[in-house]
Amino acid sequence: MKPLQALADAKILAPIDVELGNLLARRASGTLGDLADVQVVAIAGALLSAERASGHSCVSLRDLSEWRRGDNVVGIAMPDAAGCRAILERSGLCGDGSAPSPLVLDGDRLYLYRFHLAEHRLAAAIRARLEADVTAAPLTDDTAGLFAKCFGAAAEEPVNWQAVAAAAALRNNLTVITGGPGTGKTYTVARVLALLLTQDASRRVAIAAPTGKAAARLAESLNEAAEELELRDDVRAALPREGRTLHRLLGYQPWKDEFRHGADAPLAEDVVVVDEASMVDLLMMDALFAAVRPDAKIILLGDQDQLASVDTGFVLGDICRAADGCGTHHSPAFAAWYAGLTGQRVEAANVAAPIRDAVVRLHRSRRFEDRPGIGAFAEAVRRGDVDGALDVLAEGSEEVAHRVAFTGIGVLMDPLIPAIDAYLDAATPDADLDAATSEVALQRLGAFRILCAVREGPRGVAGINDEIERWLRSRGKITRAQWYRGRPVLVTANDPATGLYNGDVGVVRIQDGRAVVHFMAGGSLRAIPTSRMPAHATAWAMTVHKAQGSEFDSVHLVLPDVDNRVLARELIYTGVTRARTSVTIHGPASVLRAAIGRVTTRASGLEASLRSSSRRGPGESGATRS
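Residues numbered from 1 in each chain as written. Predicted model: local features only at pLDDT ≥ 70, side-chain atom pairs only at ≥ 80, totals over all residues. Heavy atoms only, no water.

## Remarks on the domain arrangement of the chain
The accessible area lost on association of the parts is a frequent measure of interface size.
Thought 1: Considered domain by domain, the chain is made up of domain 1 (2-120), domain 2 (154-362) and domain 3 (372-597).
Thought 2: In this structure, domain 2 and domain 3 have C-alpha centres spaced 29 Å apart.
Thought 3: Summing both sides of the interface, domain 2 and domain 3 together bury roughly 1700 Å²; the carbon and sulfur share of this comes to 56%.
Thought 4: Ionic pairing is found between Asp-305 and Arg-382, a salt bridge with its closest N-O pair at 3.4 Å.
Thought 5: Put simply, the parts of the chain that give the side of domain 2 that touches domain 3 at least two residues each are α11 (212-227) and α13 (246-250).
Thought 6: When residues in the side of domain 2 that touches domain 3 are grouped by element, the largest group, four residues, is from α11.
Thought 7: By residue class, the composition of the side of domain 2 that touches domain 3 is seven nonpolar, seven polar and seven charged. (Domains from an automatic or database assignment. Buried area = accessible area lost by both parts, 1.4 Å probe. Salt bridge = Lys/Arg side-chain N within 4 Å of Asp/Glu carboxyl O. Helix = DSSP H or I, 4+ residues; strand = E, 2+ residues; numbered from the N terminus. Nonpolar A, V, L, I, M, F, W, Y, C, P; charged D, E, K, R; others polar.)

## Examining empty space enclosed by the protein
Thought 1: This structure, assessed with the given rule, holds four cavities of 30 Å³ or more.
Thought 2: Within this model, the second largest cavity holds a volume of roughly 50 Å³.
Thought 3: Forming the walls of the second largest cavity are Ala-190, Leu-193, Leu-222, Asn-223, Ala-226, Leu-239 and Pro-240. (1 Å grid on protein atoms, 1.4 Å probe; cavity = no way out; pocket = protein on both sides within 12 Å on 5 of 7 lines; lining within 4 Å. Points joined across faces, edges and corners; volume = space filled by probe spheres on them.)

## A word on the packing of aromatic side chains
Thought 1: Counted according to the given criterion, the structure contains three aromatic pairs.
Thought 2: Centroid distance Phe-147 to Phe-151: 5.1 Å. Interplanar angle 50°. Geometry classified as tilted. Here Phe-151 and Phe-147 lie together in helix α8 (residues 141-151), a separation of four residues that amounts to about one turn.
Thought 3: Over the aromatic face of Phe-115 sits the side chain of Arg-114, whose NZ or CZ is 6.0 Å from the ring centroid.
Thought 4: The cationic tip of Arg-487 hangs over the ring face of Trp-483; the distance from NZ or CZ to the ring centre is 4.7 Å. (Phe/Tyr/Trp six-rings, centres within 6.5 Å; stacked < 30°, edge-to-face > 60°. Lys NZ or Arg CZ within 6 Å of the ring centre and 35° of its normal.)

## Considerations on the side chain of Arg-236
Thought 1: Take Arg-236: it is sitting in helix α12 (residues 233-238).
Thought 2: In this view, Arg-236 contacts Ala-226, Glu-227, Leu-229, Glu-230, Leu-231 and Arg-241; residues no more than four positions away in its chain are not counted. (Contact = heavy atoms within 4.5 Å.)

## Regarding unusual backbone geometry
Thought 1: A positive phi angle is found at Lys-11, which is not glycine, with a value near 65°.
Thought 2: Note that Lys-11 resides in the loop between α1 (2-9) and α2 (15-28).
Thought 3: Judged by its relative accessible area of 75%, Lys-11 is exposed.
Thought 4: Non-glycine residue Asp-257 carries a positive phi angle of around 55°.
Thought 5: In this structure, Asp-257 sits in the loop between β8 (252-253) and β9 (258-259). (Buried < 20%, exposed > 50% of the residue type's maximum accessible area, 1.4 Å probe, protein only.)

## A look at the layout of surface pockets
Thought 1: The volume enclosed by the second largest pocket comes to roughly 1200 Å³.
Thought 2: Along its surface, the second largest pocket is lined by 37 residues, and Lys-213, Ala-216, Arg-217, Glu-220 and Met-520 are the ones closest to its centre.
Thought 3: Looking at the lining of the second largest pocket, the elements that each hand over two or more residues are α11, β7 (243-245), α22 (435-445) and β17 (514-521).
Thought 4: Per element, the largest residue contribution to the lining of the second largest pocket is nine residues, and it comes from α11.

Next comes the structure, spelled out in structure tokens:
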């Protein structure tokens, strides 16, 4: 169909969007006699597909009717929302979601069937947990005593939100703990697990994250936090020692493209903790909730202000915003439970929504107390305070720097020479090729990272990595071989066959004359032949998305020289908060200003559905952009 091809030529649609639009046009032509109506269905379906690829689970009819980017390209203006609805309903291709159909109309939202099903099912699963009877068993003396030890110290805030989060997790079968870096999410959940196991040491616990790197960090952090606690031997033995990716936890079967665990074969675990929940997309979160028994606990940890998932949806953001939209008061039952545990009070109201008891935000960050410049800049970005963020940069400090002019790769590399030399010294020698030296190399690699806002272009990941390798070769630090000693490698796809997962980072070593890639997994070294490596990329630089779940001592954040619609407040915030000690931003002030002032939006019906205290059928709620 010519209008679709014109949109593709204008880079508005991808080939797969065009194919879907053409398929819908062929099927609609039998029921719609008017070519103009057929074109509306085709364009609506193709645009929906394109929006889905941009992370939106749906598109509103109003947005479709007001869509104007393609008017000058195809010469067709979409009808108003009512007109779009009438044509779609007559096409025979739209259902209400109760039975399979190519498209689904739910109120003023248009979905592809798969994503409507996932969103509707996930909303129902979340509501079921929120509305379930949450009468908690009285705590044993041991559990009550441990709670007092963990959270009994005088809080530095009027309300000890870590204690509130722990009380919620002890009581609820769904708890969401959100907050920025250093607010104590992992600290809190380590104590929650200790409390749950002190109450019942037979509980089975799983800890997971979207990426292998994040799962390993979660396990390491939990184990370190648990060492600070005085626990019974049976409780300590029951604490999980290893984190798993969500794919591994749910038993992903690539030959079927499905999970082993689901509603018909649920997980055995009684408690499932998921870190970096902002990275979990709609389909994965739907699969997770389906696989966890209704009587088991789900605890989600994440920062709602970080980047949304790469794929469809922003489930964590939708849940947190739904709670925020229900006010600040907890239910009287939760307030009484918390008072019984702590002797303290939280605000309560009879009309409080159940979701308000399940979502707890931690406010005070301790991570940047010794680095107030990073903390101040990150908080200004989070709030969207453009002038405040630029004022922090203008003050100038060793913690936060801004380099407007990007005159060449040397601007990036010169400050990193000591860190890169230390890394290559550990990574390149043939002698002492063992786990210890590889672990040192990976630790030194984690001391710095260059993060890019975009993937393509001279300031994108591909261009920066190429420039870095040329710069290193010109100084004799690496060879021209593809698998040179010390090449940092980022896994970009899950591969159960090798046990490597998206986000894992390794280092190339030469063993018996052959290149192998060393990864640290579960505290032990794994050597993967290059011939068995899954999809991967060089990792001197990586996108901000790929850095989620990781931390580095020094971060250099590279922005493009002109504004780009992918640049947004969440991207800058996520990139900056990957740094532990210093961050340098490379890019024009105008680009940074535009990015901080722009908020990422994801069209979804989940937030509106969760705000409601009553169950609603298809067609009764409006779309929101989260």
